[in-house]
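Report on the structure
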Amino acid sequence: MDDSQPTLILDHVTKSFGEFTAVSDLSLQVRPGRVFGLIGPNGAGKTTTIRMIVNITVPDSGTIELFGQGMNTALQDRIGYLPEERGLYKRMKVGEQLRFFAELKDLRGAEANKRIDAWLEKLELSAWKEKRTKELSKGMQQKVQFITAVIHDPDLVILDEPFSGLDPVNVDLMKQTILEQRAAGKTIILSTHQMEIAEKLCDDVCMINKSRKVLDGKLREIRRSFSRNAVALQFEGGDGLLNDPALVANTRQNGEDIEALLVPGANPQTLLKRLVESGVDVSKFELVEPSLHDIFIEKVKETA
Amino acid sequence: MKKFLAVVKREYIQRVRTKFFVVATILGPVMMAAFTVVPALMFTIKAGGPTRLAIIDQTGKLYERVAKDLVSGKDRRGRSEAPEPQMQPPVGPDASKEQINQAGKMIKGSFVVEEARLDKRSLDEVKNDLEARIQSRNLDGYVLLPSDLLKNGQPEFRARNTADPFTRDTVESAISRAVRGQRLVDAGIKEEAVEKASQPVDLKTIEAGGKESKGEASFFFVFGLGLLIYMSVLLYGQLVLGAVIEEKETRIAEILFSSIRSFPLMMGKLVGVSLVALTQMGIWAAAFLIISAWVAGGSSITLPHIPPIVFVYFSLYFLMGYFIYSTVYAVVGSMVTTTQEGGQLAMPVVLMLIAGFFLSFNIIRSPNSSLAFWASMFPFFAPITMLVRIVTETPPLWQILLSLGIGAATIVGLVWVASRIYRVGMLMTGKKATIPEVWRWVRQA
């Protein structure tokens, strides 16, 4: 994977609007066939970065290379884009709307109609094809918008906050669809401020905060490097078992769980053994991987 | 190019299919008819009766002349169609037979005149008598021609409605003519000679080429074009404005810009909306021709004598004028966030069209002056000023082609500017741009 040519390369890209710097010296690589998470809080510069990738704006300095070429308008047809701020023609019928956006991506004729029907079927919208867009619920419009991003079978799909406004059933449907796209060899850039979602879907991540990159890399490696040797516990009785400074550095209550941060170098198995031997009823014993949220907070504190 | 056509198609079909378009297309001619037929109808209602005048002739010579003049309506040559706006009770159920007869007569002359003789009564008695008749609405007014009128006396006009300037003018000039005629006869000139001498002339206009021309018709032709451009810009400029602002309000622009460059997008919008306008105007024109042919009852409509090539220029300059001013709306639309703001901003530019009108008054007198040349090259004036020159004293072909070329370049240039402002403005979400900002956007986009 690592030695294949990246789909997208950003090299020291900077973009400012007047006094305000939206993206500052950002470099990143997106590899083919993977889900790449662009994560960070609102206003971090995610949307501006994406706008440069889809050639809506041009960087002030630095270069963007897509599919091995410098950015140009012909490449736009190979990108599918779901913007954060959704927009559909309210008065157009769903089918016509999809047809128009397909034509804008140079897809027309019978092939376009076939794909529109297939996608509507897949996202359970077939019954709405002849309805005006404004008659649809917000979640349905969201799905229509998603179809406009993938109808022309692009090699790179960019999804900006794809889950906002969706109910849990549709979130699952959307997740499943994204994973199918990846399985079909597409490269996906997922921009979100919801870290839990990124955690579940992304192969690689790039965290940005206040226009700058905080860290990037494979998600699994990042989490491993931030591992803190912590255990989440649930057990009945046996108070004071955790009060062993040689093993447990400190504890905190986290909902139902007790989270025990072990002394560096201590083996979690030792703790488990001690719990079982003392006869308490252990209902949960889990090694805690740090969440992206925690990593993000830690990195931001570090760089501040 | 295919993407451009996709935009054109969408703009066109989405608009033509709306109920609004269908209703407006049908109501348009109905409104037009209403505006022409209803006033005509109202005039006929008003013309319930002629103006009834009594004349006290103390000179004893003038009554015949004045009465003849008023009744024949000779004075109102040119506007004899327009009935006198004298307020009269309409012919109703209580109208006497006489009034109905008079109403029939007034179609030719709108005055009914009687002589009020003194017959041994004093002048004041007669006046009081007439006054009473005016009060009882038996009479609309009377004229007193004093005995010294033929020397330097002043006639008097007493009427219920002295504010009506048309009647006043008509009476005044009738008396003037009568006095002039009588003075000539008194000076020993024969009656027939006087009549002959007062025949007005009818100026016949001949173009330098030798053929008879209808100068007036040409002028109204150009005036008509100006009006047509003005109306269509006012009617459809808002549509262009709306089309450009639509994506801003719905935030579709972001997807569009990720798929198509802003110039073909803007051009596609302009062309799509304009086709809607042309479709609607085409339907109206067809309806107008059919209806007028039907009204004319088979007799062909007499068009003013205008060579066919002028119709070609007419179409070209109409399109040029329409597109130039519509593009102004596109530029404005790219700067603002709501249609209301846009309408206000576009107005000053549209007023340039009016300036073109004023210039054409000067140009029609000297169509080959350098003012005429430059005014007909300036694209915002050219649709009117160049056409004035074409129908008066046709300039060399290269000048016509040059002005059309400048016009086309202006349109493309304005669309280009609009598309740049649009593209950058879209990214600066939801705020109205200031002029310096707009200028920066044009350069940086």
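Attention here is on the structure that accompanies the text. (Residues numbered from 1 in each chain as written. Chains lettered and ligands numbered in written order. Predicted model: local features only at pLDDT ≥ 70, side-chain atom pairs only at ≥ 80, totals over all residues.)

We now examine the overall build of chain B. Within chain B one finds 16 helices and 4 strands. Residues classed as buried in chain B amount to 34% of the 445 residues present. Across chain B, every contact between residues at least 6 apart in sequence was considered, and the portion connecting residues at least 24 apart equals 77%. (Helix = DSSP H or I, 4+ residues; strand = E, 2+ residues; numbered from the N terminus. Buried ≥ 20, exposed ≤ 12 C-beta atoms within 10 Å, placed from the backbone. Contact = placed C-beta atoms within 7 Å.)

Moving on, we get to the interface of chain A and chain B. Taken residue by residue, the interface counts 23 residues in chain A and 17 residues in chain B. If you list the elements that add at least two residues to the side of chain A that touches chain B, you get β6 (79–82) and α2 (94–104) of chain A. A total of 4 residues in the side of chain A that touches chain B trace back to one element, the largest contributor, which is α2(A). A class-by-class count of the residues in the side of chain A that touches chain B yields 11 nonpolar, 5 polar and 7 charged. (Nonpolar A, V, L, I, M, F, W, Y, C, P; charged D, E, K, R; others polar.)

To continue, consider the pairing of strand β8 (residues 187–192) of chain A. Residues and elements named next belong to chain A. Here β8 lies mainly inside the structure; 6 of its 6 residues are buried. Residues of β8 alternate between two faces, with T187, I189 and S191 on one and I188, L190 and T192 on the opposite face, all of them buried. Two strands pair when backbone bridges link them, and strand β3 (residues 35–39) and β8 are joined in this way by 5 bridges, in the parallel orientation. Among the inter-strand pairings, F36 is bridged to a residue of β8, identified as I189. When strand β7 (residues 156–160) meets β8, the two strands line up parallel, connected through 5 bridges. Within the sheet, the bridge partner assigned to I158 lies in β8 and is I189. (Pairing = 2+ DSSP bridges.)

Let's shift gears to helix α13 (residues 370–377) of chain B. Residues and elements named next belong to chain B. Taken together, the buried positions of α13 are A372, A375 and S376. Looking down the long axis of α13, one finds its buried residues gathered within 95° of arc, a one-sided arrangement. Along α13, exposed side chains directed more than 90 degrees from the buried face belong to S370 and W374. (Arc of directions from axis to C-beta.)

Next up on the list: the nonpolar core. Ranked by size, the top nonpolar core spans 126 residues in total, and within it I158(A), L190(A), A198(A), V240(B), A330(B) and L387(B) carry the most contacts. Among the elements that make up this core, the one with the highest residue count is helix α11 (residues 308–335) of chain B (13 residues). Ranked by size, the runner-up nonpolar core spans 25 residues in total, among them A54(B), I56(B), A67(B) and V171(B). (Core = buried A, V, L, I, M, F, W, Y, C linked by C-beta atoms within 7 Å.)

Attention now goes to the packing of α11(B) against helix α12 (residues 339–365) of chain B. All names here are of chain B. One way to put it is that α11 packs onto α12 with a least axis distance of 9 Å and a crossing angle of 155°. Classed by the angle they form, the pair α11 and α12 counts as roughly antiparallel. Pair α11 / α12 crosses with right-handed handedness. In this structure, α11 uses Y325, V328, Y329, V332 and G333 to contact α12, whose residues at the interface are G342, L345, A346, V349, V350 and L353. Classifying every residue of the contact of α11 with α12 by side-chain character gives 9 nonpolar, 2 polar and no charged. (Axes fitted to C-alpha atoms, helices over the stretch in contact; angles between N-to-C directions. Parallel < 35°, antiparallel > 145°, perpendicular 65-115°, else oblique. Left-handed = near helix turned anticlockwise from the far one by under 90°.)

Once that is clear, we can look at the sheet that holds strand β3 (residues 141–145) of chain B. All names here are of chain B. Read from one edge to the other, the open sheet built from 4 strands follows the order β2-β1-β3-β4, with strand pairing classed as mixed. Each end of this open sheet is capped by a strand with a single partner; those strands are β2 (111–115) and β4 (156–159). In this sheet, neighbouring strand axes are inclined to one another by 20° on average, regardless of whether the strands run parallel or antiparallel. Both β3 and β4 contribute to a ladder of 4 bridges, which runs antiparallel. Within the sheet, the bridge partner assigned to L144 lies in β4 and is E156. Taken strand by strand, helix α3 (residues 63–72) contacts β1 (51–57) and β2, and its axis lies near 165° from that of β2.

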